[in-house]
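Residues per chain, in single letters:
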Amino acid sequence: MADDNLPQTAEYDGPVGGWGSAKGMAAVGRVAKAGPGALETLAHQNKAGGTMCSSCAWGKPAHPHSAEFCENGAKATLWDLTSARCGPDFFATHQVKDLVTWSEYDLERAGRLTHPMRYDAGQDRYVETTWDEAFQTIGAELRQLDPKKTTFYASGKAGLEASYLYALFARSWGHTNLPDSSNMCHETTSVGLTQMIGSPVGTCVLEDFEHCDMILHVGQNPGTNSPRMLHPLQEAAKRGCHIVAMNPLREKGLLEFANPQSPLQMTVAAPTEIADSYLQVRTGGDIAALTGIAKHVLKLEDEQGGVLDHDFLNEHCHGLQEWMDWVSDTPWDRLEQVSGLTRQQMQRTAVCYAQAKAVIGVYGMGLTQHVHGSDAIGALVNLLLLRGNIGRKGAGCSPVRGHSNVQGQRTVGISEKPKLVPNDKLRELFDIEPPMEEGWNTTAFVQALLDGEAQGFVGLGGNLARAVPDQDRVVQAWGRMPLTVHVATRLNRTHLMPGKSSWILPCLVRAEEDIQNGTNQQITIEDSFSHIHASIGKRAPASSHLKSEVAIVAGLAAATVDANPKLAWDDWTADYARIRALIEATYPDQFHDFENRMTQSGGFYRGNAARERNWQTDSGRANFTFPRDLDATGLGDDDGVFRLMTLRSNDQFNTTIYGMSDRLRGIEGDRMLVMMSPEDMHDMGLQAEQRITLGESGGGARQVAGLRVVPYDLPRGCLAGYFPELNPLAPLDRHDMLSDTPASKGIPVRITAT
Ligand SMILES: Nc1nc2c(c(=O)[nH]1)N[C@H]1C(S)=C(S)[C@@H](COP(=O)(O)OP(=O)(O)OC[C@H]3O[C@@H](n4cnc5c(=O)[nH]c(N)nc54)[C@H](O)[C@@H]3O)O[C@H]1N2
Ligand SMILES: Nc1nc2c(c(=O)[nH]1)N[C@H]1C(S)=C(S)[C@@H](COP(=O)(O)OP(=O)(O)OC[C@H]3O[C@@H](n4cnc5c(=O)[nH]c(N)nc54)[C@H](O)[C@@H]3O)O[C@H]1N2
Ligand SMILES: [Mo]
């Protein structure tokens, strides 16, 4: 880009990790006002006998580093262990109508919630209540509602024990409206991969990263969202493993990394280069790009033979011939146009792929959050299948999961789909009649909310009104629900949209002691690699009024569900091993010997049939799939319409904002911005830092004003900005066709200069 007339793009010139990450942590430490015990918690983080990080779901190695935590995991822990408190005094001085104007950043900085609070409409304030009053009143009010119009949302953090009870609470009371943050995230994986290979989760384990010789890394940002992944990536790069990144944005974490735990790299040595090839695909261009790579792999097979794994394809796959016919009918110029890559780039990647012995396909929200997200996953799976890269050492597909226990919550029954739950077992164990019709996922719940159907909401964590599409309409509708209950650690905007009866129930964080019946209880979580780990908290709770998530769920359930001797909510709370025994009884194949295995270093593997090449699909084989559209956004090329991707900065965990620095992208200051290519800015006559409005492409009401333009190295026609600020622009009806996952990437927008 030599044109002097073009604005300079934002850029961070240090590597990921390195001193920058130490400074980033220290800055958040100051804002969080964490107590000294936080450092001790970090020293034991992600190790057997310690606390499992509450940030992302990346695997925890059996042989951990001396400090097995990352910059952003440390921020999450410091945030949880803040010394700031948001108690009755705070609420006495602030009415809800004022608080609702505060930013997420300011609300969460008020500190940890300390007391159960009830909304008093007369004063427009939350006022202190007792646990007993809260449970009894909420139970009585829930019982007035139709269970089928009530929603129990889970945000992905609560451990397996609380999650199992939460799902049992819903089913024993009479509904399966159990949306999970997963519905906005990797539901595309759960539904898509199941159709393709019969597995709702990835097929890799952490050790596979030691044995692969190519990693195709698509639409995921490890430097910010799973920084501990940078260690295996760095080791792989050093070993000579080819790392090919496919991403519209040149993410620093995929370019180079200085290991903060290596004194040599922090001082004199050069950082490790990570990706040896960076394919700057157009937003939504992955189906075309991956198909282009596959097309050339097929050509190499035609020309020289020995490229495809014929034994695997014959024995294990379905639909190869039809798919090959479709690929050969799909012309290169179309693949180039939609992907934004050149034919040569796709061909070079194909040559690398054809030579690699073991390939891992890694992916994140850049694939899943599209209208044709499941087709994009299909395109990656098709490519992997060609050379038998699923179900053997060093190979497989590896979705990088979000919240630290989001995968586990699904495993133990938080699902709106009865077919995914062993209902016979539940009948047998608890004498209940679980509802057999499908409940609401997140998209269906939001639709029900907008339609005035949704009556009661319980949130086990999360900030749902801010995380979903069509934020402005959702905010209008939220308070119309007669009952809202939030189990939370910090105050957020969703709590400030009270209905007639609204409650905030404050809970312990994972790093805090959870004493029941005189014993500090362990909880368990599942990581991205289907490994289950015990976790124990050792810090004194932020307030003596807090309860654990298990105790809160059990308390609500006992006050709501008809008495039944087999539903021993209080006994279960007294000893979480009893809940684990129920999980083991419900899922014996995966959780046998749960209590003994959960404490082993590296966790225990609950197994995955697809990894054993046992395909639990309709065809009994791994399926090649066709996309509905080559463009994952489903958008054409409409003049003046840009594709907006909404992402995370380096200083946030979803709607929790730690600070205003997106260090790795070289962006500082505020979050109301839009990244744009200098060429597009030039064409539209826009200057750097100029304020613009983004609006709905069809001229409708959705818009966000006051965004500053940041020149950024992005493909033409593609914009990027931050979630959740840009959520008013996402239409609810734009979601993945198979799984309903909102299309948070590839939102069609127009720009107006202001
Ligand atoms: N520190 C921190 N860690 C987190 C989180 C957090 O907010 N902060 N959130 C957690 C959660 S819940 C989740 S789900 C994960 C999310 O982790 P990611 O999956 O990394 O999610 P995003 O930040 O949305 O970034 C998506 C990436 O995809 C790229 N991308 C966007 N559109 C496309 C496309 O069309 N094609 C391709 N190839 N790439 C594209 C973007 O440039 C970006 O690099 O992280 C988890 N970990
Ligand atoms: N535009 C756009 N929208 C998106 C996305 C995107 O990329 N773009 N990503 C989507 C994705 S992947 C996800 S996962 C969702 C996230 O959506 P959510 O899971 O609903 O949101 P979070 O921001 O993770 O929730 C933060 C709140 O959880 C509470 N909390 C924190 N820790 C705990 C705990 O230990 N226990 C309990 N009970 N509560 C706790 C705190 O009160 C905090 O304010 O957003 C989705 N929305
Ligand atoms: Mo997520």
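Residues numbered from 1 in each chain as written. Chains lettered and ligands numbered in written order. Predicted model: local features only at pLDDT ≥ 70, side-chain atom pairs only at ≥ 80, totals over all residues. Heavy atoms only, no water.

A.B. asks: Is there a simple way to think about the domain arrangement of the chain in this case?
C.D. replies: In many reports, interface size means the accessible area that the parts give up when they come together. When the domains of the chain are assigned, the result is domain 1 (86–184 + 405–592), domain 2 (187–403 + 619–623) and domain 3 (642–753). Across the boundary between the two partners, domain 2 contributes 28 residues, which contact 29 residues of domain 3. Taken together, domain 2 and domain 3 are joined by one salt bridge. Measuring nitrogen to oxygen at the nearest pair gives 2.8 Å for the salt bridge that ties E251 to R665. Applying the counting rule to domain 2 against domain 3 returns twelve residue pairs in polar contact (both at pLDDT 80 or more). Taken together, the elements giving at least two residues each to the side of domain 2 that touches domain 3 come down to α9 (187–197), α10 (222–225), α18 (365–368) and α19 (373–386). At five residues, the largest contribution of residues to the side of domain 2 that touches domain 3 is made by α9. (Domains from an automatic or database assignment. Contact = heavy atoms within 4.5 Å. Salt bridge = Lys/Arg side-chain N within 4 Å of Asp/Glu carboxyl O. Polar contact = N/O pair within 3.5 Å; in protein donor to acceptor, adjacent residues only side chain to side chain. Helix = DSSP H or I, 4+ residues; strand = E, 2+ residues; numbered from the N terminus.)

A.B. asks: It is not clear to me how the site of ligand 2 should be interpreted in this structure. Could you clarify?
C.D. replies: Taken together, 32 residues lie near ligand 2, and E108, A467, E549, T655 and N727 sit nearest. In this structure, Y153 approaches ligand 2 through a side-chain N or O atom, which is 2.8 Å from an oxygen atom. Between ligand 2 and the protein, one listed contact pairs an oxygen atom with a side-chain N or O atom of H403 at 3.0 Å. Contact with the protein chains hides 96% of the accessible area of ligand 2, taken as 930 Å² for the molecule alone. Contributing elements (two or more residues each) for the shell around ligand 2: α23 (464–467) and β16 (483–488). (Near = heavy atom within 4 Å. Areas by Shrake-Rupley, 256 points an atom, 1.4 Å probe, with all protein chains shown as cover.)

A.B. asks: Explain unusual backbone geometry to me, please; I cannot follow it from the model alone.
C.D. replies: Negative phi is the rule for most residues except glycine; trans is the rule for most peptide bonds. The omega angle of the peptide bond from F723 to P724 is 5 degrees, so this bond is cis rather than trans. Within the fold, P724 resides in the loop between β30 (718–722) and β31 (747–753). A positive phi angle is found at D593, which is not glycine, with a value near 55 degrees. Not every positive phi belongs to a glycine, and E689 is a case in point at roughly 75 degrees.

A.B. asks: It is not clear to me how the packing of helix α16 (residues 332–339) against helix α17 (residues 343–355) should be interpreted in this structure. Could you clarify?
C.D. replies: In a pair of packed helices, the angle between the axes and the distance between the axes together describe the arrangement. One way to put it is that α16 packs onto α17 with a least axis distance of 9 Å and a crossing angle of 95 degrees. Of the possible angle classes, the one that applies to α16 and α17 is roughly perpendicular. The segment α16 lies against α17, with W332, L335, E336 and S339 engaging R343, M346 and Q347. Grouping the amino acids of the contact of α16 with α17 by side-chain chemistry returns three nonpolar, two polar and two charged. (Axes fitted to C-alpha atoms, helices over the stretch in contact; angles between N-to-C directions. Parallel < 35°, antiparallel > 145°, perpendicular 65-115°, else oblique. Nonpolar A, V, L, I, M, F, W, Y, C, P; charged D, E, K, R; others polar.)

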